[in-house]
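Report on the structure
Read off the chains here:
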Amino acid sequence: MKTDARILVVGATGVLGRPAVKLLRERGVVVRALSRHPERAADLAALGAEVVAGDLTDTASLQRACQGATRVLACAHGLLGRGRWRSEAVDDAGHRALIAAARDAGVERFVYTSALGTGADHPIDFFRTKAAIEAAVRASGMPFAILRPSAFMEHHVHNFNGKGLLEKGKVQLIGPGTKPRNFIAGSDVAAFAVRALLDEPLPFATLDIGGHEHLSGLDVARLYAQAAGVEARVAHLPAAVARALAVLARPVHPGMARVMRLLSLPDDAFDESFDGAAALEARFGLRLKRVPEFVREQVVLAGPPPAH
Ligand SMILES: NC(=O)c1ccc[n+]([C@@H]2O[C@H](COP(=O)([O-])OP(=O)(O)OC[C@H]3O[C@@H](n4cnc5c(N)ncnc54)[C@H](OP(=O)(O)O)[C@@H]3O)[C@@H](O)[C@H]2O)c1
């Protein structure tokens, strides 16, 4: 494990970035944490990270941030972005600029966070972009590792599902909520990111990462209801309405339009399954968080449910 690395984390304030910075700092590694809003990263500064202002759409800021870094973790994205921060500018052009800045600064290892199921023929542009950036990373000449995690529990189990039940007494799902999906805790993905950054030699080139369970949106809502001792109240926005909203939203908010379209696709439009969780645990000596355990933690954190 190379603990004298100097690591630039782009996306340091995200669900994956924050625990990755924490794990790196616990190992005494020098970390530079890049954010568009450094004032929101006081917690990372308190961990001893150097917080710098930067933006994937500002090439000069990436060149500055890469100076002196020996390794880079790229874990930012613009899935929901619009205007200056639309996905094309952040996920495509911004990442190409970051790869070039890292290579020019002599970075000796580049770790890119892609996503499970990414491919050139994916029905959603965001995942096609991830595939194109994977190819750019491979062609960069830098030693690299690519992480391909499934959906993060913090966003897809909690923020987009159970949080609604805990805070408003109702979950709002787009479509029927029947598609089985694999979930992993972003905090667990951070452990793989740290291995990719510090292990000698590089432990893998491309790694699919996922958790144990395959659950639908309805399954997740029921888990929250059970854990909180409340009724599983779920409202559905019909998929056809979501598709129409996606078309209307595209000119003003392409990120929102993308997510509407993604969630309104039929269950078999693209696969979100992963069957290698036990093998990952054995190979890396880790224990991956289970969804019911994550849900119980969120319910405890939320405190008693409000009366509705
Ligand atoms: N969430 C998932 O379910 C999931 C699943 C598979 C793969 N992934 C991938 O995992 C990585 C981390 O995702 P996440 O869910 O942890 O992210 P997140 O919580 O949504 O946070 C987004 C991060 O991206 C940064 N960012 C956005 N636009 C930026 C820009 N223009 N310049 C610099 N930084 C920018 C934000 O930083 P500031 O706001 O501080 O600038 C923030 O740190 C991403 O590559 C994502 O595509 C995520």
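Computed from a predicted structure; not experimentally measured.

In this section: the sheet that holds strand E3 (residues 50–53). Ordered by their spatial adjacency, 7 strands build an open sheet running E3-E2-E1-E4-E5-E6-E10, and the pairing between neighbours is parallel. Of all the strands in the sheet, the pair left with one neighbour each is E3 and strand E10 (206–209). Mean inter-strand twist for the sheet, computed between neighbouring axes without regard to direction, equals 20 degrees. The pairing of strand E4 (residues 71–74) with strand E5 (residues 109–113) spans 4 bridges and is classified as parallel. Bridge pairing in E5 places leucine 73 opposite valine 111. Along the sheet face, helix H7 (residues 186–198) touches strand E1 (6–10), E4, E5, strand E6 (144–149) and E10 and points at about 170 degrees away from the line of E6.

For the rest of this paragraph, the subject is the packing of helix H1 (residues 17–26) against H7. The geometry of H1 relative to H7 is characterised by a closest axis approach of 8 Å and an angle of 50 degrees between their N-to-C directions. Relative to H7, H1 is oriented oblique. Classified by chirality, the crossing of H7 by H1 is right-handed. Along its contact with H1, which presents Pro19, Ala20, Leu23 and Leu24, the element H7 presents Gly186, Ser187, Ala190, Ala191, Ala193 and Val194. Partitioned by chemical class, the residues of the contact of H1 with H7 number 8 nonpolar, 2 polar and no charged.

With 12 residues, helix H8 (residues 217–228) ought to run about 16 Å at 1.5 Å a step, and its terminal C-alpha atoms sit 17 Å apart, in line with that. Of the surrounding elements, those touching the buried residues of H8 are helix H6 (153–168), strand E8 (171–174), strand E11 (214–215), strand E12 (234–237) and helix H12 (291–302). In the stretch just after H8, glycine 229 is the one whose phi turns positive, near 70 degrees.

Moving on, we come to unusual backbone geometry. Note that the residue after glutamate 200, namely proline 201, is joined by a cis bond; omega there is -10 degrees. Topologically, proline 201 is positioned in the loop between H7 and E10.

In the region of the ligand, 29 residues are neighbours, and Gly14, Ser35, Arg36, Ala76 and His77 sit closest. Listing elements by their share of the shell around the ligand, those giving two or more residues are helix H4 (87–104), strand E7 (151–152) and H6. Within the shell around the ligand, the residues separate by chemical class into 13 nonpolar, 14 polar and 2 charged.

The next point concerns the packing of helix H9 (residues 239–249) against helix H10 (residues 254–264). Where H9 meets H10, the closest approach of the two axes is 8 Å, and the angle between their N-to-C directions is 155 degrees. Of the possible angle classes, the one that applies to H9 and H10 is roughly antiparallel. The hand of the H9/H10 crossing is left-handed. Here Ala239, Ala242, Arg243, Leu245, Ala246 and Ala249 of H9 lie close against H10, whose contacting residues are Met256, Ala257, Met260, Arg261, Leu263 and Ser264. Classifying every residue of the contact of H9 with H10 gives 9 nonpolar, 1 polar and 2 charged.

What counts, and at which threshold
- Residues numbered from 1 in each chain as written.
- Predicted model: local features only at pLDDT ≥ 70, side-chain atom pairs only at ≥ 80, totals over all residues.
- Pairing = 2+ DSSP bridges.
- Helix = DSSP H or I, 4+ residues; strand = E, 2+ residues; numbered from the N terminus.
- Axes fitted to C-alpha atoms, helices over the stretch in contact; angles between N-to-C directions.
- Contact = placed C-beta atoms within 7 Å.
- Parallel < 35°, antiparallel > 145°, perpendicular 65-115°, else oblique.
- Left-handed = near helix turned anticlockwise from the far one by under 90°.
- Nonpolar A, V, L, I, M, F, W, Y, C, P; charged D, E, K, R; others polar.
- Expected span 1.5 Å × (residues − 1).
- Near = placed C-beta within 6 Å.

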